[in-house]
Amino acid sequence: EISVSDVLSGHEFVRPLKNLPHPFILKTATNFIGKVSPGANIVVHNDQPFVEATLGGTSQVVRGDEPGNEPNITCRNIIEDCSVFGGIFAEGADVSVSRR
């Protein structure tokens, strides 16, 4: 078993990035991304730049299902359902809409 907070998603580059925006714009964007996706790690001024974030922080839809009740993951229309997590999620609140 692995914690979702330990699963990372992102991009790695083998060469330095070229034609980057002004440092002020990069810093502003990086700060914004850090606020909407806590745990994001962005390194662009490096010989091998990368961007990584926790899988939960980059997910567009989060869903929890009991074993045997999982949706077909090849479907392109998976509906968010976090009721299995309890608390506010059990009330059926559409959490994804409030994150946008």
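Residues numbered from 1 in each chain as written. Predicted model: local features only at pLDDT ≥ 70, side-chain atom pairs only at ≥ 80, totals over all residues. Heavy atoms only, no water.

Colleague: Report on the sheet that holds strand 2 (residues 41–43), specifying residues and quantitative values.
Modeller: Strand order in the open sheet formed by 3 strands is 1-3-2, with antiparallel pairing between adjacent strands. In this open sheet, the two strands that pair with only one neighbour each are strand 1 (8–12) and strand 2. Pairs of neighbouring strands in the sheet enclose a mean axial angle of 5°, with direction left out of account. Note: strand 2 against strand 3 (residues 50–54), 3 bridges, orientation antiparallel. If you follow isoleucine 42 over to strand 3, its bridge partner there is valine 51. (Pairing = 2+ DSSP bridges. Helix = DSSP H or I, 4+ residues; strand = E, 2+ residues; numbered from the N terminus. Axes fitted to C-alpha atoms, helices over the stretch in contact; angles between N-to-C directions.)

Colleague: With reference to specific residues and values, describe a nonpolar patch on the surface.
Modeller: Residues Val84, Phe85, Ile88 and Phe89 make up a contiguous nonpolar surface patch of about 350 Å² in total accessible area. Tracing the backbone through its elements, the reader meets phenylalanine 85 in the loop between helix 2 (55–58) and helix 3 (95–99). (Patch = residues over 30% accessible without salt bridge, like charges linked within 9 Å, V, L, I, M, F, W, Y side chains within 5 Å. Areas by Shrake-Rupley, 256 points an atom, 1.4 Å probe, with all protein chains shown as cover. Salt bridge = Lys/Arg side-chain N within 4 Å of Asp/Glu carboxyl O.)

Colleague: Give a description of the pattern of salt bridges that names residues and reports values.
Modeller: Considering all chains together, one arrives at 1 salt bridge under this definition. Aspartate 65 serves as the salt-bridge partner of arginine 63, at 2.8 Å between the closest nitrogen and oxygen. Residue aspartate 65 is classed as partly exposed on the basis of its relative accessible area of 27%. (Buried < 20%, exposed > 50% of the residue type's maximum accessible area, 1.4 Å probe, protein only.)

Colleague: Before we move on, could you go through the pairing of strand 3 and cite the residues and values that matter?
Modeller: As paired strands, strand 1 and strand 3 are joined by 5 bridges and run antiparallel to one another. The residue bridging glutamate 12 from the neighbouring strand is phenylalanine 50, located in strand 3. Linking two consecutive strands that pair antiparallel, namely strand 2 and strand 3, is a turn of 6 residues.

Colleague: Talk me through unusual backbone geometry; I want residue IDs and the actual numbers.
Modeller: In this structure, asparagine 19 is a non-glycine residue whose phi angle is positive, near 55°. Among the structural elements, asparagine 19 can be located in the loop between strand 1 and helix 1 (23–36).

Colleague: Give me the state of the cysteines: which residues, what numbers.
Modeller: Tallied over the full model, the rule gives 0 disulfides. In this model cysteine 75 remains outside any disulfide bridge; the closest cysteine sulfur is found in cysteine 82, 17 Å from its own. Take cysteine 75: its relative accessible area is 37%, and that puts it in the partly exposed class. Using a relative accessible area of 9% as the deciding quantity, one classes cysteine 82 as buried. (Disulfide = S-S within 2.5 Å.)

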